[in-house]
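For reference, the chains in residue letters:
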Amino acid sequence: MILLKNATVVNAGGMQQTDVLTDGEIITRIAPNIECFGAEVIDCDGKLVFPGFIDMHCHLREPGQTHKEDIRSGSLAALAGGYTTVCCMPNTDPPIDNGGAVAYIRKRSAECGNADVLPVGCITRGQKGEELAEFGHMKAQGAIAVSDDGLPVDSGAVMLNALKYAKTFGLTLLSHSEDKSISGNGVVNAGENATASGLRGIPKAAESAAVARDVLLAEEAGARLHVCHVSTAESVDIIRQAKKRGVKVTCETCPHYFAATDDEILSYNTNAKINPPLRGERDVDAIVQGIADGTIDVIATDHAPHHFDEKNKEFDYAPFGTVGLETAFSVAYTRLVLTETIKLSDLCRLMSAAPASILGLTDRGRIEVGARADMVIVDPDDEYTVDTAYFKSKGKNSLFDGWRLNGSVVGVIVKGEKKQI
Ligand code: DOR
Ligand code: ZN
Ligand code: ZN
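Residues numbered from 1 in each chain as written. Chains lettered and ligands numbered in written order. Predicted model: local features only at pLDDT ≥ 70, side-chain atom pairs only at ≥ 80, totals over all residues. Heavy atoms only, no water.

### Topic: the coordination of the zinc ion (ligand 2)
Heads up, the rule is: In this listing, donors mean N, O and S atoms no farther than 2.8 Å from the metal, or 3.2 Å for Na, K and Ca; water is missing from the atoms, so a site can look incomplete. Secondary structure elements are defined from DSSP: runs of H or I of at least 4 residues count as helices, runs of E of at least 2 residues count as strands, and each element is numbered from the N terminus.
The protein atoms donating to the zinc ion (ligand 2) are Asp149 (OD), His176 (ND1) and His229 (NE2), with metal-donor distances spanning 2.0 to 2.1 Å. One chain supplies every donor for the zinc ion (ligand 2), spaced along it as D-x26-H-x52-H. In this model, the zinc ion (ligand 2) sits 3.6 Å from the zinc ion (ligand 3), the two metals being bridged by Asp149. You can see His176 sitting in the loop between β10 (172-175) and α5 (180-183) and its partner His229 sitting in the loop between β13 (225-227) and α8 (233-245), a full 53 residues away along the chain.

Okay, structure coming up:
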C-alpha cells in the first residue's frame, strides 16, 4: 500500500489537491486527509502527480541490436522519464512480425519488471512492404498495434489492405508516413539550412503528401489511423481537415519537433539527424498551434537510441534518430506549459490519457479509483542541465544534451509498486 499525501493530482479533466491511496495494483481511494496504518507514505507537498506517462512510440532495439538498447535498459530509461507504459516499434533485427516475437517482448517486459513494454507488430512481413504480417497471431500474443515504423508502406494497395485488416482485428495502425521517392537520400530538411550546410535536403512533401495519402486510405477503409511523428505545417492542416470531416485519424508529434528547428544541423551535430527531419520555424509554430488546438493528440518520443560509434560519423553516414524517453516531460513542460501554450491538464492528455484511449488501454491514463496504480511524481520547481552521462538508456544520442530544462521526475509507481529511478 502506498499513500501519496498532499499531492497536486493532474488529470486530463483538471487538477485536484488531495491524497491518493493504492492497494495492490490499483488506486483505491482519492480524498483529502487519508489515514492508513501500514501504508508507505510519500509526501508530495509541492509536487505534481500525473497518471504514468504512456509513450506510444519508442525503439528498444531488442532483438538484434542490443548494443544500442534492450528491453531492460529501455524500460529503465522509461521509468527515469516518468513513463509507466511504452510501446516498442518492431523495426528490430529480425523485425517483430509474428506471434512468437511479440510473445518474446512480453516475456522480457515481465522479467524486467520496470515500465510495462507493449510490443507493436509489423504491418508487413519482414517490413518488406509486400505481404501483410500475421495480425491475428500477433494480437493474440499481445501486440498493442501494428506499424512498419522506420519505413513507410510504399504501396497504396498494401496500405489500404493493412488498414482494413487492422480494423477487423481491432488493432491501431501507426503510420510512418513518408514518400521515399521524394525523400530519396536526403538527410536534413530541404531549405536554407540544407543549402548553407551542403547537406542533401528532404522536401516537406515527402511527409505531407504521404500523410494525405494515408488519411485518404483510412477514410476509404473506414479504419482508424494514427500518424506518427508529425513535423510539417501541411501535415497538421491535412489532419485538422480530416478530423473535421469525421475521418478516424489521430496523430502524434515529438518534443524535438516543437522545441527545435533545423538550425541544429548547422553544427553538423549528428544527434540532430532525425527522420522526419527537424524543420524550420514556420513548421515549429504550426506544430505548437496543432498541439494547442487539439489537432495533435499525443506527444510521443520516437526514442531512437544508437551507439556512440554509429553517430560519431560524417553526417551523411550517421543513422537517423535522437533518444527522448528521459527528457520528453521536461522539454514539454518547459516549452509548452511554462510558456502558457497549454495547461498541465493538457499535458496529461497528450502524454497519458490520449495514448491510453487510442491504444484501448482502459485501465490506465488517469488517476481514478479502480484505475491501475501507475503514477509519476514530478517536481515542477527543479531546473537542471541535461547530461547524457546520467541516462539510463544505452543511447546517449540526445539532441537535448546540455539544454537547461525545468521540471523533473522524482518518483514513479507502476502497478502499485514504487520503482527505483
Ligand atoms: O529518426 C528515426 N529513427 N526515424 C525513424 O523513422 C526510425 C528511427 C530509428 O529506428 O532509429
Ligand atoms: Zn518513423
Ligand atoms: Zn520511430
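### Concerning the coordination of the zinc ion (ligand 3)
Where we set the bar: Square planar and octahedral sites, with four and six donors, are those where opposite donors lie more than 155 degrees apart and all other angles lie between 65 and 115, tetrahedral sites have four donors with every angle between 85 and 135 degrees, and the rest are irregular. Only protein chains enter the accessibility calculation, which uses a 1.4 Å probe; a residue whose area is less than 20% of its type maximum is buried, one above 50% is exposed, and one in between is partly exposed.
With distances of 2.0 to 2.2 Å, the protein atoms coordinating the zinc ion (ligand 3) are His57 (NE2), His59 (NE2), Asp149 (OD) and Asp302 (OD). Geometry at the zinc ion (ligand 3) is irregular, judged from the four donor atoms that bind it and their angles of 86 to 174 degrees at the metal. Here the donor residues of the zinc ion (ligand 3) are spaced in sequence according to H-x1-H-x89-D-x152-D. Look at His59 and you get buried, because its relative accessible area is 4%.

### Some details on unusual backbone geometry
In terms of backbone geometry, most residues other than glycine have negative phi values and most peptide bonds are trans. The step from Glu62 to Pro63 runs through a cis peptide bond, and the omega angle for that step is 5 degrees. Following Asp93, the chain continues to Pro94 via a peptide bond in cis, the omega torsion being 5 degrees. On the secondary structure map, Pro94 appears in the loop between β7 (83-88) and α2 (99-112). Its identity as a non-glycine residue notwithstanding, Glu340 has a phi of 65 degrees, on the positive side.

### Topic: the side chain of Asn114
Operational definition: Any pair of nitrogen or oxygen atoms within 3.5 Å is treated as a polar contact; in protein, a donor-acceptor pairing is required on top of that, and neighbouring residues in sequence qualify only through side-chain atoms on both sides. Whether two residues are in contact is decided by their heavy atoms: any pair within 4.5 Å suffices.
One can find Asn114 in the loop between α2 and β8 (116-121). Judged by relative accessible area, which is 13%, Asn114 ranks as buried. Among the polar contacts listed, one links the side chain of Asn114 to the side chain of Ser75, at a separation of 3.0 Å. Excluding its chain neighbours within four sequence positions, the residues that come into contact with Asn114 are Arg72, Ser75, Leu76, Leu79, Val414 and Lys419.

### A few points about the nonpolar core
To be explicit about the condition: Definition of nonpolar core: a set of buried residues of the types Ala, Val, Leu, Ile, Met, Phe, Trp, Tyr and Cys, connected through side-chain atoms within 4.5 Å.
Counting 96 residues, the largest nonpolar core has Phe50, Leu163, Leu173, Phe258, Leu347 and Met351 as the members making the most contacts within it. If one sorts the elements of this core by residue count, helix α12 (residues 328-337) sits on top with seven residues. Apart from the residues within four sequence positions on either side, Met351 is in contact with Phe53, Ile54, Tyr83, Ile299, Ala328, Phe329 and Ala332.

### Concerning the environment of Ala39
Among the structural elements, Ala39 can be located in the loop between β3 (26-31) and β4 (40-43). The spacing of Ala39 and Lys415 is 376 residues in sequence and 15 Å in space, taken between C-alpha atoms. With residues up to four places along the chain from it excluded, the contact list for Ala39 reads Met1, Leu3 and Leu21.

### A closer look at the packing of helix α1 (residues 71-80) against α2
Just so we agree on the cut-off: Between N-to-C directions, angles span 0 to 180 degrees; the directions come from axes that are lines fitted to C-alpha atoms, helices contributing only their stretch in contact. Between 65 and 115 degrees an angle is taken as roughly perpendicular, under 35 as roughly parallel, over 145 as roughly antiparallel, and anywhere else as oblique. Working rule for handedness: look at the near helix, and if it is turned counterclockwise from the far one by less than a right angle, call the crossing left-handed; if clockwise, right-handed. All amino acids are sorted into three groups, where Ala, Val, Leu, Ile, Met, Phe, Trp, Tyr, Cys and Pro are nonpolar, Asp, Glu, Lys and Arg are charged, and the leftover types, Gly among them, are polar.
Between α1 and α2, whose axes approach to 10 Å, the crossing angle comes to 60 degrees. Taken together, the axes of α1 and α2 are oblique relative to one another. Viewed along their axes, α1 and α2 form a crossing whose handedness is right-handed. Contact residues: α1 offers Ile71, Arg72 and Ser75, while α2 offers Ile105, Arg108, Ser109 and Cys112. For the contact of α1 with α2, the residue count by class is three nonpolar, two polar and two charged.

### Let's talk about the packing of aromatic side chains
Quick reminder of the rule: Any two rings among Phe, Tyr and Trp, with Trp reduced to its six-membered ring, count as a pair given centres within 6.5 Å; such a pair is stacked if its planes are under 30 degrees apart, edge-to-face if over 60, and tilted if neither.
By the definition in use, this model includes nine aromatic pairs. Each ring, one from Phe50 and one from Phe329, has its centre 5.8 Å from the other, and the planes form 70 degrees; the classification is edge-to-face. Of this pair, Phe50 sits in strand β5 (residues 48-51) while Phe329 sits in helix α12; the two residues are 279 residues apart in sequence, bridging distant segments of the chain. In this pair, the class of Phe50 matches that of Phe329, namely buried. On the basis of an interplanar angle of 70 degrees and a centroid distance of 6.4 Å, the ring pair of Phe135 and Phe169 is categorised as edge-to-face. You can see Phe135 sitting in helix α3 (residues 135-140) and its partner Phe169 sitting in helix α4 (residues 156-169), a full 34 residues away along the chain.

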